[in-house]
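Here is how the chains run, residue by residue.
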Protein chains: 2
Amino acid sequence: MSDLRNQALEYAHQNSAAYLQSLQSLVQIPSISTSVDHKKAIKETAEWLADRLRKIGFKNVALYPTAGHPVVFGEYIIDRPGRKTVLIYGHYDVQPVEPLEQWKTNPFEATVVGDNLFGRGASDMKGQIMASMDAVEAVIHAGEPPVNIKFMIEGEEEIGSPNLGPFLKEKAKLLAADVVLNPDSGMLAADFPTLTYALRGLAYFELRVYGPEHDLHSGLFGGAVHNPAQALAELIAGMHDADGRVTLPGYYDSVREMKPAEREDMARLPLNDDFYKAQTGAPELCGEKGYTAAERIGARPTLEVNGLLSGFTGQGSKTVIPAWAMAKISMRLVPDQDPEEVYHQFIEYLKLKAPPTIRWEVIRMSGGPASFTDPNHPAARAMSQAMETVWGKRPVFRREGGSIPIVSDMQETLGIESVLTGFGLPEDNVHAPNEKLHLPTWYRGIDSLILFFYNYGAQE
Amino acid sequence: MSDLRNQALEYAHQNSAAYLQSLQSLVQIPSISTSVDHKKAIKETAEWLADRLRKIGFKNVALYPTAGHPVVFGEYIIDRPGRKTVLIYGHYDVQPVEPLEQWKTNPFEATVVGDNLFGRGASDMKGQIMASMDAVEAVIHAGEPPVNIKFMIEGEEEIGSPNLGPFLKEKAKLLAADVVLNPDSGMLAADFPTLTYALRGLAYFELRVYGPEHDLHSGLFGGAVHNPAQALAELIAGMHDADGRVTLPGYYDSVREMKPAEREDMARLPLNDDFYKAQTGAPELCGEKGYTAAERIGARPTLEVNGLLSGFTGQGSKTVIPAWAMAKISMRLVPDQDPEEVYHQFIEYLKLKAPPTIRWEVIRMSGGPASFTDPNHPAARAMSQAMETVWGKRPVFRREGGSIPIVSDMQETLGIESVLTGFGLPEDNVHAPNEKLHLPTWYRGIDSLILFFYNYGAQE
């Protein structure tokens, strides 16, 4: 086994340039899932991945259609009793690129600058998909893989995976596995290999406020009606109290409080306020009173305004009272908040607070509960060992602020635990201009995934 | 004189179809002054107007360049002692047309539907300019005009006339006149001829709030920083108190209160709350406590949000903490508020209320003080008589909520009073989609302007 392992590592090292080129080709396809203009790119990306799986020897490779974008599936199975199966999850879709003028390189050119590969999706998560495929290719090249491997790569994660739930239910047999390897969560820093054991959930809404029937001249009518942009601002302002707590009725009722030991563990992570100030560049940090920034991100629910639009927003001035105003508003949820309940809390808040001078409407968008995984799962231990070998230090176990709804879906629908890892860094600008991937860390990630397969396969 | 008058009226009636066609041609040129893409249309419009003035016999017709868009000037002078001179003011620029999808006709096609001409600028104020030119054409055709006439038509009213002040100072001699006829204020209703004696001023700003250095992933960082869109909403929400009063420090200190008699006069106008509900289509009216809607619009200062922009505003969802947020905010001012003082009150408010968790910036845009004119000026009486002849009832004298900075500029720089009138209606959707002009009222307007020249010329 040690021989195969070294051969696989050597193969990966020899092919590092080809691996990078291959990743660049993938990043160059603009698979923005939220955009109706990018359907062709979405399909092209899915086909590109299926081709790659076929080339490294996967069977039953197929694009499974959904009501939205297709799921790429493939498997490498040696049908012998006792062999474990790892299902590798990924998403090939990416976030939009606006504001485009803030990008220093073309987001779909996949430009290497120094140690980094710049491009939309380089870190989130085409780099992570390719690290997994590259590791698998090396393992297969070395000989018989130590575990069976399946890939399931969806195309709708960035829009909340609206069609993945039904797919999991339908394809339960096809997807059967001992564990899910999910490389969509990142690392604390380049020298802190990281395993994530808790993720936040999400409830995403669009709130629309309507006032006059059409835009009005602010001179001829200013003073007569409630300006919808002002009314929206008033509603948003009321969603937090002076202590930074969310004011939706009952919002904290089912929030699982951190145990003192967990808070102590978190305090030991290299995630102090200076770290977050440097990461964000904000003038000062801000949030719920009584918690550190790391706790607020990892273990506390939040409410964010993701977008605002009303009236005249071009250059210059227009003296208009807008007919309507819109906000994209989302909540990050923690165990044991229920996205359905949070929706009702949001509606309840609006019923209580919205004045009779305006009309309002809520459009439900994506959502999913928070998730907790077992940090002592055999596969988690195998990954932890692998990382320790590559980095020379034990990985950090942490709670993360992002949402990966597939983790709880896998638990609930298929009864499969996930190992949450990945090789993105906090400074990768994911979902933002100038997204990038740190290549030295990415190569270490490929090595650690190779070792993970052997470690996990060797476990009794 | 009565002969000339009847000949002029007859000429106007015979040419009503040509007058309409001519107005349509003018509306068809998209002279949006705030848009850098429409410079050619601006120039074309100015030249169109200059041509028309030359055709009806005006002399010294010229486009005067400014730092922005040119001013069209022309004069029809008979150099004989004792003749009065009327300077007719107009603006040939128009507001932007967004949201375009809400227009039922192309805004620059100038479409007649029933009694109305639809198109951007039809009412504000190309229709008013053409009513004036058409009346002048008829008067000149009939014989020697009873007064000297000058036209000064600017191209930057909709962006706050930034270059008109210097122009007035430079060209004081050219513009010398006994009175300004300003047809840029409208009528209460088609059967209520109206003379306006007070206008509100304007102070227009763009407020930008900056948070993190770049957009952040709301999962990875939500809870760490003050969301700039939320911070902006909080600042906006604080700009009014529970009584609908503006909270900028000192905002009401120099506001001239209405006298009881004036409030009684206003209460008699056909401008009750039902009127404003019907005009706006808002679910309920709203504004400063203790005043009727008509008073709030005509005689009280306001603060309006004219636009909001932050983060992701497209279709679908993007889980982003925006790096910045922007609001266009303007105040309508009344006598004796000073736009410069109001700017400092706005800054003072932000200094007091903006938290250290964000940075902010204010960009000053257009502004000007409120104005008051003398309702007993001889020219106002001449116009009042003319309207009474055409409509068969005495016109209403009213305060208006809009801003026409040229009125106070004319008073202060040139010492000339203005007669404020016009033939636009409240339901004309000025500054909004589906702007239109009520043609029967417009034709009555032409007649009343013809009579105005004769009435004013005949006065001792």
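Residues numbered from 1 in each chain as written. Chains lettered and ligands numbered in written order. Predicted model: local features only at pLDDT ≥ 70, side-chain atom pairs only at ≥ 80, totals over all residues. Heavy atoms only, no water.

Peer 1: Account for the relation of the copies chain A and chain B, naming residues and giving values.
Peer 2: Under the fitted operation, chain A is carried onto chain B by 0.0 Å of movement along the axis and a turn of 180 degrees, and the coordinates agree to an RMSD of 0.0 Å. Accordingly, the operation relating the two chain copies is best matched by a two-fold axis. The share of interface residues of chain A whose copies in chain B are also at the interface is 100%, consistent with both copies meeting through the same surface. (Least-squares fit on C-alpha atoms with pLDDT ≥ 70 in both. Contact = heavy atoms within 4.5 Å.)

Peer 1: I'd like a description of unusual backbone geometry, backed by residues and values.
Peer 2: With an omega of -5 degrees, the peptide bond running from E98 of chain A to P99 of chain A counts as cis. For S161 of chain A, which is not glycine, the phi dihedral falls at a positive 50 degrees. Here S161 of chain A is to be found in the loop between β6 (148-154) and α5 (164-170). A positive phi angle, close to 60 degrees, is found at A110 of chain B, a residue other than glycine. Following the sequence through the fold, A110 of chain B ends up in the loop between β3 (85-91) and β4 (111-113). (Helix = DSSP H or I, 4+ residues; strand = E, 2+ residues; numbered from the N terminus.)

Peer 1: Now, about the interface of chain A and chain B: what can you tell me, with residues and values included?
Peer 2: Interface size, as often reported, equals the accessible area lost upon joining of the parts. In this complex, chain A contributes 91 residues to the contact, which on the side of chain B involves 91 residues. For the pair chain A and chain B, the summed buried area comes to about 7,500 Å², and 55% of that belongs to carbon and sulfur atoms. When the area that chain A buries against chain B is broken down by residue, the three leading residues are L308, S317 and K318 of chain A, summing to 9%. At the junction of chain A and chain B, the tally comes to zero salt bridges. There are 46 residue pairs in polar contact (both at pLDDT 80 or more) connecting chain A and chain B. Here the side of chain A that touches chain B gets 10 residues from one element, more than from any other, and that element is strand β11 (residues 302-311) of chain A. In terms of residue class, the side of chain A that touches chain B is built from 40 nonpolar, 36 polar and 15 charged. Relative to strand β11 (residues 302-311) of chain B, β11 of chain A runs antiparallel, the two sharing five bridges. For S310 of chain A, the partnering residue across the bridge sits in β11 of chain B and is L308 of chain B. (Buried area = accessible area lost by both parts, 1.4 Å probe. Salt bridge = Lys/Arg side-chain N within 4 Å of Asp/Glu carboxyl O. Polar contact = N/O pair within 3.5 Å; in protein donor to acceptor, adjacent residues only side chain to side chain. Nonpolar A, V, L, I, M, F, W, Y, C, P; charged D, E, K, R; others polar. Pairing = 2+ DSSP bridges.)

Peer 1: For the pattern of salt bridges, give the residues involved together with the corresponding values.
Peer 2: Residue and element names in this part refer to chain A. Inspection of the entire model under this criterion finds 42 salt bridges over all chains. For E257, the salt bridge goes to R300, with nearest N and O atoms at 3.2 Å. Of this pair, E257 sits in the loop between α8 (228-237) and α9 (260-268) while R300 sits in the loop between α11 (293-299) and β11, placing them 43 residues apart in sequence. A relative accessible area of 46% means that E257 is categorised as partly exposed. (Buried < 20%, exposed > 50% of the residue type's maximum accessible area, 1.4 Å probe, protein only.)

Peer 1: Can you lay out the packing of aromatic side chains for me, pointing to particular residues and giving the numbers?
Peer 2: A complete count under the given rule lists 28 aromatic pairs over all chains for this structure. Aromatic pair F275 of chain A and Y276 of chain A: ring centres 5.0 Å apart, planes at 85 degrees, arrangement edge-to-face. On the basis of relative accessible area, Y276 of chain A is assigned to the buried category, the value being 6%. Between the aromatic rings of W391 of chain B and F423 of chain B, the centroid separation amounts to 6.5 Å while the plane-to-plane angle is 10 degrees, which identifies the pairing as stacked. Taken as a pair, W391 of chain B in helix α13 (residues 378-391) and F423 of chain B in the loop between β17 (418-420) and β18 (436-438) lie far apart in primary sequence, 32 residues in all. Residue W391 of chain B shares its accessibility class with F423 of chain B, and that shared class is buried. Joined through ring pairs, the aromatic side chains of F58, Y76 and F151 of chain A make up one cluster. Over the face of the ring belonging to Y343 of chain B we find R364 of chain B, whose NZ or CZ atom lies 3.8 Å from the ring centre. (Phe/Tyr/Trp six-rings, centres within 6.5 Å; stacked < 30°, edge-to-face > 60°. Lys NZ or Arg CZ within 6 Å of the ring centre and 35° of its normal.)

Peer 1: How would you explain the domain arrangement of chain A if you had to name every residue and give the values?
Peer 2: Residues and elements named next belong to chain A. With domains assigned, chain A is organised as domain 1 (2-199 + 370-458) and domain 2 (201-255 + 301-368). The gap between the C-alpha centroids of domain 1 and domain 2 is 35 Å. Regarding the contact of domain 1 and domain 2, the summed buried area is about 620 Å², with carbon and sulfur atoms giving 57% of it. Three residues stand out in domain 1 for area buried against domain 2, namely G160, A370 and S403, and they jointly supply 59% of the buried area on that side. Linking domain 1 with domain 2 are zero salt bridges, by the criterion used here. Linking domain 1 to domain 2 there are zero residue pairs in polar contact (both at pLDDT 80 or more). Here the side of domain 1 that touches domain 2 is composed, by residue class, of four nonpolar, four polar and one charged. (Domains from an automatic or database assignment.)

Peer 1: Can you explain the pairing of strand β3 (residues 85-91) of chain A? Please cite residues and give values.
Peer 2: All names here are of chain A. Across the seven residues of β3, seven count as buried, placing the element largely inside the fold. Burial of the side chains of β3 extends over both faces: T85, L87, Y89 and H91 are buried on one face and V86, I88 and G90 on the other. Note: β3 against β6, seven bridges, orientation parallel. Each bridged residue has a counterpart across the sheet, and for L87 the counterpart in β6 is K150. Summarising the sheet, β3 and strand β7 (residues 179-182) pair through three bridges and their orientation is parallel. In the sheet register, L87 faces β7, and the bridge partner there is V180.

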